[in-house]
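Architecture at a glance
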Amino acid sequence: MTLKIRELREDTRDFAAIVNIDNVCDPEHRYTVEQFRYDYEKFDTKKYVMRYYLAEVDGKAVGYACYHHMPQRFHPQRFWIWIAVLPEFRHREIGSALYTRILADLQALAAKFLHTSTRETWADTIRFLEKQGFREVMRSWESHLDVTSFDPRPFEEYLVRVEREGIVLTTLAAEKEADPDWLVKVHALHNAVMADVPSSAPFTPLSLEEFQRRTLNNPDLLPDGYFLAKKGGEYVGESFVFRIPAEPGHLSQGLTGVRREYRGKGIALALKLKVIAYAKAHGYTLIKTWNATTNQPMLAINEKLGFRRQPAWIEYAKTLA
Ligand SMILES: CC(C)(COP(=O)(O)OP(=O)(O)OC[C@H]1O[C@@H](n2cnc3c(N)ncnc32)[C@H](O)[C@@H]1OP(=O)(O)O)[C@@H](O)C(=O)NCCC(=O)NCCS
């Protein structure tokens with residue numbers, strides 16, 4: 001067996017190799033080459049560092065590793081890493097060789113904090129990370145809602161309740177037409193609520209460009225499925241979804257958040273009702289969401305609505321000397 005580790009070439013063949021490795025390793029969360037290309041090409045390499053390596057055995061791509069800065073938890077010495085090896089090529093030190101390769105770069109960059117994640121069911125990955133000295137820092141539940149069997153009737157009072165408070169529920173698509181300041185306002189709302197999402201590292205506000213790249217200009221964002229709660233001219237809450245091109249019928253829940261001073265009034269639940277109604281009306285069958293196990297309010301809302309818990313995701317971190 002000849003193992004070669006080389007840098008990623010920025011072409012469709014290498015992009016497809018990475019997407020294939022991830023889709024084989026995690027068939028429950030499939031994605032496409034177009035999605036990889038978007039994330040890769042739009043990553044702001046003027047501000048942040050990102051690098052990918054492929055592991056080839058006899059010319060076949062069997063694994064990869066990458067590291068990059070974390071724009072929403074930015075620290076110059078903090079990096080997200082990811083290593084994946086095709087199941088039939090595991091236990092041959094390929095993952096360790098990839099890790100050694102990126103670690104050399106990371107040390108040269110004076111990296112201090114490394115973060116990554118794994119599913120609680122991925123025994124190989126957990127063993128690998130623990131052996132390399134990574135430790136669990138937080139967990140998130142993945143939960144799924146079966147849209148086809150969802151009955152909105154028991155929740156109608158929430159829509160009445162927010163209306164009584166003078167809250168209007170609208171969409172991003174409608175606001176783009178109606179309010180010339182929509183962009184500045186939706187960006188401000190997003191940063192305000194993101195600051196309160198439980199995290200293993202301090203939140204750093206997203207620049208407008210970064211917010212546009214990740215969310216507003218993302219080709220999978222559904223502007224009609226991006227709901228906003230408005231009080232007067234102010235945006236006080238949001239809940240939005242992305243389509244999952246490799247999983248027809250499925251949606252991925254983006255952020256649901258409400259400004260602090262408006263919490264506890266049923267706004268988040270009402271926004272999620274709108275998202276679910278949108279999903280149903282457009283023939284989607286499933287919504288996937290991820291919530292920190294410490295996020296009591298969000299977990300309570302999702303449980304109430306009938307989201308069912310799946311195996312958890314565990315975030316691991318390591319501090320380099
Ligand atoms: C999570 C969040 C969106 C909830 O917004 P909210 O508008 O206050 O929530 P709602 O008022 O719609 O809550 C609806 C129901 O959820 C439950 N709930 C809400 N807050 C709760 C809390 N702190 N503890 C337990 N249950 C709670 C209640 O059952 C409530 O129903 P009730 O009003 O009939 O009692 C808000 O706390 C937030 O913006 N947090 C920061 C962003 C975030 O973490 N988003 C999720 C990322 S995964």
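Calculation notes
Residues numbered from 1 in each chain as written. Predicted model: local features only at pLDDT ≥ 70, side-chain atom pairs only at ≥ 80, totals over all residues. Helix = DSSP H or I, 4+ residues; strand = E, 2+ residues; numbered from the N terminus. Rg over C-alpha atoms; globule rule 2.2 N^0.38 Å. Buried ≥ 20, exposed ≤ 12 C-beta atoms within 10 Å, placed from the backbone. Contact = placed C-beta atoms within 7 Å. Core = buried A, V, L, I, M, F, W, Y, C linked by C-beta atoms within 7 Å. Domains from an automatic or database assignment. Axes fitted to C-alpha atoms, helices over the stretch in contact; angles between N-to-C directions. Parallel < 35°, antiparallel > 145°, perpendicular 65-115°, else oblique. Left-handed = near helix turned anticlockwise from the far one by under 90°. Nonpolar A, V, L, I, M, F, W, Y, C, P; charged D, E, K, R; others polar.

1. Side note on the overall build of the protein
- When helices and strands are counted, the protein shows 10 helices and 13 strands.
- Computed over its C-alpha atoms, the radius of gyration of the protein comes to 21 Å, within 12% of the 20 Å expected for a compact globule of 321 residues.
- Seen through its C-alpha atoms, the protein measures out along the principal axes to roughly 70 × 40 × 35 Å.
- A buried classification covers 29% of the 321 residues belonging to the protein.
- The long-range share in the protein, meaning contacts at least 24 apart out of those at least 6 apart in sequence, stands at 70%.

2. Structural notes on the nonpolar core
- Membership of the largest hydrophobic core comes to 36 residues, with the highest contact counts inside it found for Ile267 and Ala279.
- Mapped by element, the contributors of at least two residues to this core are α5 (156-164), α7 (182-194), β8 (221-231), β9 (234-243), β10 (250-258) and α9 (267-281).
- Ranked by residues supplied to this core, first place goes to α9 with 10 residues.
- Not counting residues within four places of it along the chain, the set of residues in contact with Ala279 comprises Val147, Leu251, Tyr284 and Ile287.
- Counting 23 residues, the second largest nonpolar core, distinct from the first, contains Phe15, Leu54, Val62 and Leu98.

3. Let's talk about the domain arrangement of the protein
- Under the domain assignment used here, the protein contains domain 1 (3-111) and domain 2 (143-312).
- Computed over C-alpha atoms only, the centres of domain 1 and domain 2 are separated by 30 Å.
- In this complex, domain 1 contributes 12 residues to the contact, which on the side of domain 2 involves 13 residues.

4. A look at the packing of α5 against α9
- It is the contact of α5 with α9, at a shortest axis distance of 9 Å, that shows an interaxial angle of 120 degrees. Considered as vectors, α5 and α9 are oriented oblique to each other. For the crossing formed where α5 meets α9, the hand is left-handed. Seen from α5, the contacting residues are Tyr158, Leu159 and Val162; seen from α9, they are Ile267, Leu269, Ala270 and Leu273.
- Residue classes in the contact of α5 with α9 are distributed as 7 nonpolar, no polar and no charged.

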